[in-house]
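Listed here are the chains, written in short residue letters.
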Amino acid sequence: MANRGPSYGLSREVQQKIDRQYDPELEQILVRWILAQCGGDVAQPAPGRDGFQQWLKDGTVLCRLINSLHPRGQSPVAKIQASAMAFKQMEQISQFLQAAERYGIAATDIFQTVDLWEGE
């Protein structure tokens, strides 16, 4: 998550509501599906919201996932590379989001790159 101080007032209430909606069981279902879809070359995340966010944060898992949904040779994300640099990670998330939109996900159902990267 981003380095922000504690939230107060309405911001805190909104964050608490978001936190209450997080479903660890759904997280495990998603992790199992992503791992099955991507194959054995993707490591499993640490359990919990932060672990799941960190797993997806650099965009490599997401790009492998969207590529796995297409026939061989038609992968929408040509170059997937792990990087510690923030702009590279955000670029990969953006590539996933663009490919997801082309795949048929409605633009209104797609999150913003910075939301995933910052864990919002």
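Residues numbered from 1 in each chain as written. Predicted model: local features only at pLDDT ≥ 70, side-chain atom pairs only at ≥ 80, totals over all residues. Heavy atoms only, no water.

In the nomenclature of an unreviewed UniProt entry, the chain corresponds to TAGL2 protein from the organism Dromas ardeola.

Chemist: Please explain the state of the cysteines as it appears in this structure.
Modeler: Working definition: the covalent bond between the sulfur atoms of two cysteines is a disulfide. For the structure shown, the criterion picks out 0 disulfides. No disulfide involves cysteine 38; its nearest neighbouring cysteine sulfur is the one of cysteine 63, lying 10 Å away. On the basis of relative accessible area, cysteine 63 is assigned to the buried category, the value being 0%. (Disulfide = S-S within 2.5 Å. Buried < 20%, exposed > 50% of the residue type's maximum accessible area, 1.4 Å probe, protein only.)

Chemist: Help me out: how do you make sense of the side chain of asparagine 67 in this one?
Modeler: Within the fold, asparagine 67 resides in helix α4 (residues 60-68). With relative accessibility at 12%, the residue asparagine 67 sits in the buried group. When sequence neighbours within four positions are dropped, the list of residues in contact with asparagine 67 reads Ser75, Pro76, Val77 and Ile80. (Helix = DSSP H or I, 4+ residues; strand = E, 2+ residues; numbered from the N terminus. Contact = heavy atoms within 4.5 Å.)

Chemist: Would you explain the UniProt feature "domain: Calponin-homology (CH)" (unreviewed entry) in the chain in this entry?
Modeler: Sites flagged by UniProt as "domain: Calponin-homology (CH)" (unreviewed entry) map to residues 24-120. Between the end C-alpha atoms of residues 24-120 there is a gap of 17 Å, over a span that is 59% helix and 0% strand. (UniProt positions renumbered as here; feature names shortened; annotations may be inferred.)

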